[in-house]
Amino acid sequence: MSEPQPIYLSDYRPPAYRVTHTELTFDLDPAATRVKARLHVERHPDREPGAPLELDGEQLALKAIAIDGQALGEDEYALTERGLRVDGVPERFLLDTEVEIAPEDNTALEGLYRSGGMFCTQCEAEGFRRITFYPDRPDVMATFSTTVIGDAAGLPVLLSNGNPVERGELPGGRHFVTWEDPHPKPSYLFALVAGDLKKVEDRFTTMSGREVTLQIWVEEENLGKTDHAMASLKRAMRWDEETYGREYDLDRYMIVAVNDFNMGAMENKGLNLFNSAAVLTHPQTATDAAFQRVEGIVAHEYFHNWSGNRVTCRDWFQLSLKEGFTVFRDQCFSADTNSAPVKRIEEVSFFRTAQFAEDAGPTAHPVRPDHYIEIGNFYTLTIYEKGAEIVRMLCNLVGWEAFRRGADRYFSRFDGQAVTIEDFVNCMAEASGHDLSQFLLWYSQAGTPEIDAHGEYDYANGVYRLVLRQRTPATPGQPDKLPLHIPLRLGLVGTKTGRDLPMTLDGEDLGTDGVIHLREEEQEFVFTDVAEAPVPSLARNFSAPVKLHFPYSREDLAFLLAHDSDGFNRWDAGQRLALLALDDLIAAHRNGVEKVMDPRVVEAFRHLLTTEADDKAVLAEMLTLPSEAYIAEQQPLVDVDAIHAAREFVKQSLATALRDDFRRLYEEHRSEAPYAPEPEQIAARSLKNVALSYLVSIEDEEGIELAQRQFEADHNMTDVRQALTLLVHSSRGDLADPALRAFGEKWAHDPLVMDQWFSIQVTRPQSDALDRVKFLMDHPAFSLTNPNKVRALIGAFAQNRVNFHRLDGEGYRLLADVVIELNRLNPEIAARLVTPLTRWQRFDETRQELMKAELERIRGEELSPNLYEVIEKALA
Ligand code: B3K
Ligand code: ZN
């Protein structure tokens with residue numbers, strides 16, 4: 001194999017030929033599917049005449065090829081490893097090809113593949129080239145007409161994009177359906193499904209009065225698990241009409257649940273394919289978190305119909321154009337449907353843990369990368385989540401009304417086109433009159449900006465001076481950085497009154513909650529008429545994706561935790577306070593000094609537990625300690641054992657000191673009411689289950705018994721899973737093992753519940769976690785070819801901080817072994833799974849050497865481009 005070569009954004013050219021209409025016929029067979037394609041091709045008006053026709057194609061056996069009905073001889077075209085080339089084609093012509101492919105051998109799950117007995121497709125980003133020869137790039141948009149032929153008994157349901165226009169019987173027990181999609185689309189949005197599926201149907205009337213049929217297609221045994229997804233879909237459709245004025249544009253909208261799927265879901269036009277984990281829910285099988293995830297993903301894929309499908313990306317460097325914007329849209333939707341501050345807290349805790357780590361590691365890249373080897377490696381937290389944070393900043397910068405005008409402009413001006421990030425930002429600039437040129441740097445500069453802030457109150461003059469200094473650390477390929485335009489929302493909380501003080505900046509009235517703009521490397525902001533000494537509440541609601549350092553004292557933090565009017569920053573103050581205490585304890589653990597709990601943290605928690613909460617869901621978040629992964633992110637060098645010990649110590653100290661309060665909280669929030677995935681119930685369950693986790697942490701009889709009773713009551717999966725996890729993660733193996741066994745037997749038939757069963761076991765802190773992984777890899781419910789199983793067992797184990805990072809290197813070895821096998825089976829999953837090993841710089845020397853040795857061992861294999869790119873960066 002030759003070394004994979006990077007592709008550069010600066011090399012972009014429009015395609016030499018475009019396709020205006022695509023006719024496909026699939027004759028389905030697991031081992032030998034025939035795909036006939038008729039492409040209506042014409043020269044691109046911006047390209048010179050006479051260019052050769054170059055089509056992408058991989059793993060295709062060409063059976064026939066003709067131009068305008070004339071079969072081509074073997075010397076009239078050239079086949080390469082990457083596609084097909086024909087010289088001397090006319091300006092406008094019909095190209096007919098026929099290829100053979102083998103869906104049953106497709107374990108990469110890209111292109112046409114089998115999942116159980118069904119056939120399905122995944123084409124984004126470059127899977128369509130494994131189906132037929134095609135200009136497989138998003139700036140080629142065509143209407144599609146697709147005929148699917150299959151065995152009538154085994155594949156009664158045949159689906160593709162758009163509307164069904166014809167169906168019929170064929171000889172030999174076969175049948176066909178023809179689908180037409182009137183909306184021009186790039187090949188990555190093509191989809192086909194064939195199988196023995198059942199549907200749940202509903203209707204939606206759009207704001208202009210059009211009737212849309214909504215269908216969710218599942219295997220028969222899952223028919224009872226679609227209600228929540230359907231309700232979420234209807235809410236999302238209404239929300240997009242009300243919020244963005246966008247309505248749906250086909251007569252039907254279909255969702256299909258697929259068991260073998262690399263990602264969460266895929267927004268194919270009119271025919272979304274979903275990982276079954278992202279669509280199926282039932283109170284007995286799915287947790288609150290899973291219900292909310294389903295709602296978010298259903299909405300995300302639906303919102304893509306405008307932000308992605310009607311207006312798509314010119315090239316894959318622009319991926320965040322559709323993903324960042326669509327994540328922002330689904331985040332706002334979820335905030336509107338649930339507790340908004342909790343949604344934000346959840347987003348940000350995840351973001352600061354995982355995206356910050358990506359931005360600080362060897363695979364760091366800008367939200368718009370300027371080169372890549374394998375685009376499949378760029379479906380990252382940076383493209384998605386940091387991209388969404390940038391859109392959120394834009395929205396806050398120009399204000400919602402201007403943002404909405406900008407979005408209208410974007411959707412109408414570029415409808416049916418493939419465009420760039422500048423096109424989007426320009427619409428916002430035009431609609432708002434803002435100069436966004438400096439702001440655009442957010443898209444090209446990688447790394448997490450850090451802001452060092454300090455402030456001073458001048459009693460005599462009633463002036464508060466805030467000095468902000470920004471710097472963005474060097475990232476691979478980007479040693480020097482420019483200052484960004486960072487909008488920071490802030491308030492000044494008066495230390496006497498506990499209230500937000502009115503802010504006047506340069507004579508301008510900012511109100512009690514306003515935005516300041518940091519543009520220079522260093523900038524001073526002078527607030528006048530400040531009546532009392534304030535504690536600043538900075539970057540409220542996480543108004544910019546930065547690390548903000550301010551020398552808060554523990555008293556300041558306790559004050560903000562009690563008084564900040566911004567729910568997010570109140571929570572953040574608690575996290576910062578806990579982190580300071582954790583820092584001391586981590587140091588104590590390392591130095592072998594006795595650990596002493598900071599009484600200020602205990603008092604802050606006591607205050608939380610004894611004051612009436614205005615938002616119970618937020619309270620549950622406030623009572624949750626920062627995760628080990630987040631604590632690790634804050635440390636210069638990660639000491640997994642010290643972090644684990646320090647966090648356990650804090651938890652147990654709080655539980656011991658506040659046992660009665662936790663006990664009361666637990667009792668007050670128990671409920672026998674039938675399960676509903678509604679905000680109030682979810683908040684109550686979260687509070688109860690947080691309390692339970694403290695009570696179990698001290699492992700006295702009382703806490704353990706509560707967990708056991710909650711497990712046995714079997715009321716809903718949220719409660720059962722929490723109780724089981726606490727038992728399994730405790731040292732009470734005598735109780736945990738029978739519970740695990742009972743759970744495993746009860747749910748042996750349900751793959752999504754078995755995924756949870758796997759994860760719970762391999763994330764336990766006890767030292768047998770690694771042996772359990774090895775043992776469970778032979779379990780009949782496990783399979784290396786199913787991405788959900790790999791994530792549930794191997795991926796979850798790699799999050800088990802103490803055991804994955806064992807000092808004998810066995811955790812690393814196991815991960816590398818699996819990655820090597822997956823490199824062959826499913827390169828996209830392999831390249832993702834290896835991530836924890838690529839973060840070796842963060843650990844002590846012994847672990848660094850062990851991790852690098854495993855990366856080297858992987859490098860010794862014949863690598864897929866996906867893994868090649870990641871490993872080369874990790875070892876650079
Ligand atoms: N657009 C898809 C991503 C598919 C990528 C697969 N390599 C899911 C989403 O973001 O909605
Ligand atoms: Zn998306």
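Cut-offs applied
Residues numbered from 1 in each chain as written. Chains lettered and ligands numbered in written order. Predicted model: local features only at pLDDT ≥ 70, side-chain atom pairs only at ≥ 80, totals over all residues. Heavy atoms only, no water. UniProt positions renumbered as here; feature names shortened; annotations may be inferred. Core = buried A, V, L, I, M, F, W, Y, C linked by side-chain atoms within 4.5 Å. Buried < 20%, exposed > 50% of the residue type's maximum accessible area, 1.4 Å probe, protein only. Contact = heavy atoms within 4.5 Å. 1 Å grid on protein atoms, 1.4 Å probe; cavity = no way out; pocket = protein on both sides within 12 Å on 5 of 7 lines; lining within 4 Å. Points joined across faces, edges and corners; volume = space filled by probe spheres on them. Helix = DSSP H or I, 4+ residues; strand = E, 2+ residues; numbered from the N terminus. Nonpolar A, V, L, I, M, F, W, Y, C, P; charged D, E, K, R; others polar. Pairing = 2+ DSSP bridges. Near = heavy atom within 4 Å. Areas by Shrake-Rupley, 256 points an atom, 1.4 Å probe, with all protein chains shown as cover.

Taking an unreviewed UniProt entry as the reference, the chain is identified by name as Aminopeptidase N belonging to Halomonas beimenensis. Quoted verbatim from the Function (unreviewed entry) field of the UniProt record, the comment on the chain reads "Aminopeptidase N is involved in the degradation of intracellular peptides generated by protein breakdown during normal growth as well as in response to nutrient starvation."

Before going further, it helps to spend a moment on the nonpolar core. Core analysis: the largest hydrophobic core is formed by 290 residues, its most contacted members being Phe403 and Phe527. Apart from the residues lying within four places of it in its own chain, the contact partners of Phe403 are Tyr244, Phe325, Phe328, Val391, Leu394, Cys395, Val398, Phe424 and Met428.

So, on to the layout of surface pockets. There is about 970 Å³ of room inside the second largest pocket. In terms of lining residues, the second largest pocket is bounded by 39 residues, among which Lys547, Leu548, His549, Tyr630 and Gln634 are the most central. Mapped onto the lining of the second largest pocket, the elements with two or more residues apiece are α4 (340-360), β33 (547-549), α9 (554-563), α10 (567-591) and α13 (628-634). At 8 residues, the largest contribution of residues to the lining of the second largest pocket is made by α10. Classifying every residue of the lining of the second largest pocket by side-chain character gives 21 nonpolar, 9 polar and 9 charged.

What follows deals with the sheet that holds strand β4 (residues 53-56). Strand order in the open sheet made by the 3 strands is β4-β8-β7, with antiparallel pairing throughout. For this open sheet the edge positions go to β4 and β7 (78-79), each flanked by a neighbour on one side alone. One ladder, built from 4 bridges, connects β4 with strand β8 (residues 83-86); its direction is antiparallel. Looking across to β8, one finds that Leu53 is bridged to Val86.

Not every one of the 14 residues close to ligand 1 is listed here, only the nearest: Glu124, Glu267, Glu301, Tyr384 and Glu828. Coverage of ligand 1 by the protein amounts to 97% of the 340 Å² it exposes when considered alone. Looking at the shell around ligand 1, the elements with two or more residues in it are β20 (265-266), α2 (288-303) and α3 (319-337). For the shell around ligand 1, the class distribution of residues is 5 nonpolar, 3 polar and 6 charged.

Take empty space enclosed by the protein next. This model, assessed by the stated rule, comprises 3 cavities of 30 Å³ or more. The computed volume of the largest cavity comes to approximately 90 Å³. Forming the walls of the largest cavity are 14 residues, and the residues nearest its centre are Leu561, Gly574, Gln575, Phe605 and Met622. Where the lining of the largest cavity is concerned, the elements lending two or more residues are α10 and α11 (599-610). For the lining of the largest cavity, the residue count by class is 11 nonpolar, 3 polar and no charged. Roughly 60 Å³ of volume is contained in the second largest cavity. The wall of the second largest cavity is formed by Ser115, Met118, Val218, Glu219, Asn222, Ala257, Val258, Asn259, Ser276 and Leu280. Looking at the lining of the second largest cavity residue by residue, the classes come out as 5 nonpolar, 4 polar and 1 charged.

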